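Summary of structural features
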Amino acid sequence: MGLFDRFKKMMKRTEDTEEIIATEDSIEAEEALHQKRKLLEEIESRKPEPEPEPTPPPPEPEDEWDEQEPEEAPFSKPLDKKERKKAERKKAETKPKSPKEKPKADPMETTTGFKLVPSEPARIEVDLSESEVSRGGMIIRGGEVLDGILEELETDLLSVDMGHTAVEEVVQALRATIIGSRITTRKDLSQVVDDALRASLRKLLEAGYWDFDKTIQSLSAEEGPVVIMVVGVNGTGKTTTTAKMAHRLTDAGYSVVLAAADTFRAGAIDQLATHADRLGVRCISSQRGGDSAAISRDAVESAAARGDDIVIIDTAGRMQNKTNLMEELRKVHRVTKPHLVLFVADALAGNDAVEQAKVFQSMLRFDGAVLCKMDTDANGGAALSIAHTTGRPIVLAGVGQGYEDLIPFDPEWLLDSIL
C-alpha cells in the first residue's frame, strides 16, 4: 500500500458522505472562503525575510604609536594657502575607502563562483484551475473531519522520516489550497487533493535543482580540469560514490583523475586505488597521515599537466561537530578551489542525514547532495527534507552497488516510489 492510499480512501469516504462539502451560498461556504483567505494571509506572513549580509567586523584600532602623522611643529613656518590645500588633498587620499557591498549569492553559482546549469523544468505540473469551476461544483469546507484527515497525513509524512518543518509547511499549504475551493464534480475530490499534495512535495525536491551532466559539460569547456570535491560525514559512502562518479564520467568520454585525500581512515587509500585500477583511471595518493590538501593540489596540477578533464577529490569523513577536522576540509577547498562541492548522505539515516546536511552546510557550503542507498530506503523522507532544509538540491542518487548505479536524481521517480 502506498503512503497516500489510506489518505485517499479517507478523502473518498468523506466525499461520499459530504462531510467536508458545503452547498453553494450556504453559511458553511462563506466560512470556508473566509478561512481560505485567512490561511493564505498566515502563510504569507510566516515567510522568512531574507537574511541580511553579515556585517564585517570593525577594523581594529591602530596603536597610538603606529604610523601617526607628525603633529605640526609649534614653531614651524605657517603654510600659505596653496600649500595648505595640497596638504589637505594628500590627507584625504590616505583615508581608508569604505568596503564595497558584497553581491547576494546566486543559487545557480557554485561555492567558487562557477555557473551551474539548471535542469529542465518538470513536465508534469498540477494546476488546480483545471479542477476549479466558477459556478456549481462542490465547495470544500474545513472542520473537524478535514482536520482529522490532515492529521493522519501529517503522521504518515513524519513516519517516512520527513522533517517536521517540511511536513508542517506542506500540510499548511495543502489546507490553504483546498479549503474554500470550488471543485468540479467531474473529478474525484480524492484525486484533486492527491494531485495538489504531489505538487507540494515536488516543489520541495526541485528547490534550486541543477543538472549534473550538463553542468560538467559546461564547466569542461573552460581551460583546465574540472575539480569536484566530495564531502560528508563518516560512513556515508563517499569513496564508493567517488568511484561511481568516475565511472559515469569516463563513460561520457571524460578523462578522470582521482585524488585519495582521505588520509585518515585505514584502508581508504587502498580502497580508492583498487577502484581506480578497475575503472582504468589514475589515482594520486600518499601514505596514511599525509597532507590531504597537498595531495589534492598535486592531483589538480598533475591533471592540468597531462590534459585530463576532471579531478574528483575523495575527502575523509568528518563529523559535522568536529571544528578542527572541518577546518582541514576548508583548507582543501581553499587550495584547490573546486568547481563543485557535493555532499554525500545516507538515505537510511533519515532525519540524522537531514541534520548532518544542515550543520555541514553552515560550516562548508556545498552545491548539491548525493543520496546513497536510495534503492533500500522505503521512506524517502530524507530526500524530501534535505533540499528544503539546506536550500541545495539532490542532484545524484545511488540506487545499487554497481558502478553504473549512480543516476541523476528525478523527483518524479522518488514520488512514484513512495506514494
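Please read these numbers as outputs of a predicted model, since none were measured by experiment.

1. As for the packing of aromatic side chains
- With the rule as written, the count across this model stands at two aromatic pairs.
- Ring plane angle 50° and centroid distance 5.2 Å describe the contact between F343 and F360, whose orientation is recorded as tilted. Residue F343 is found in strand 8 (residues 340-346), and its partner F360 is found in helix 12 (residues 351-363); the two are separated by 17 residues along the sequence. Across the pair, exposure class does not vary: F343 and F360 are buried alike.
- Judged by centre distance (5.0 Å) and plane angle (20°), the ring pair of F343 and F366 falls under stacked. Of the two residues, F343 is situated in strand 8 and F366 in the loop between helix 12 and strand 9 (368-372); the sequence distance between them amounts to 23 residues. Grouping residues by exposure puts F343 and F366 together as buried.
- Counting every residue linked through ring pairs, the aromatic cluster contains F343, F360 and F366.

2. Description of the nonpolar core
- With 103 residues, the main nonpolar core has M162, F212, I228, M245 and L249 as its most contacted residues.
- Element by element, the count of residues in this core is highest for helix 6 (residues 189-205), at eight residues.
- If near-sequence neighbours (up to four positions away) are discounted, M162 is found in contact with L157, V167, V170, L201, L204, N351, G381, L384 and S385.

3. Some remarks on the environment of G280
- Structurally, G280 is set in the loop between helix 9 (268-279) and strand 6 (282-284).
- In this structure, the C-alpha to C-alpha distance between G280 and H247, residues 33 residues apart in sequence, is 9.3 Å.

4. Thoughts on the pairing of strand 4 (residues 226-231)
- The element strand 4 is largely enclosed, with a buried count of six among its six residues.
- Residues V226, I228 and V230 point to one face of strand 4 and V227, M229 and V231 to the other, with burial holding for every one of them.
- Pairing of strand 4 with strand 7 (residues 310-315), which is carried by five bridges, proceeds in the parallel orientation. Looking at the pairing, I228 lines up with I312 of strand 7.
- The pairing of strand 4 with strand 8 spans four bridges and is classified as parallel. Residue pairing for strand 8: V231 is matched across the bridge by F343.

5. As for helix 12
- In a regular helix each residue adds 1.5 Å, so 13 residues correspond to 18 Å; helix 12 covers 19 Å between its end C-alpha atoms and thus fits that length.
- When we look at burial in helix 12, the residues that qualify are A353, V354, Q356, A357, F360 and Q361. Buried residues of helix 12, seen end-on, are gathered within an arc of 160° and therefore sit on one face of the element. Among the exposed residues of helix 12, those pointing more than 90 degrees away from its buried face are D352 and S362.

About the criteria used
- Residues numbered from 1 in each chain as written.
- Predicted model: local features only at pLDDT ≥ 70, side-chain atom pairs only at ≥ 80, totals over all residues.
- Heavy atoms only, no water.
- Phe/Tyr/Trp six-rings, centres within 6.5 Å; stacked < 30°, edge-to-face > 60°.
- Helix = DSSP H or I, 4+ residues; strand = E, 2+ residues; numbered from the N terminus.
- Buried < 20%, exposed > 50% of the residue type's maximum accessible area, 1.4 Å probe, protein only.
- Core = buried A, V, L, I, M, F, W, Y, C linked by side-chain atoms within 4.5 Å.
- Contact = heavy atoms within 4.5 Å.
- Pairing = 2+ DSSP bridges.
- Expected span 1.5 Å × (residues − 1).
- Arc of directions from axis to C-beta.

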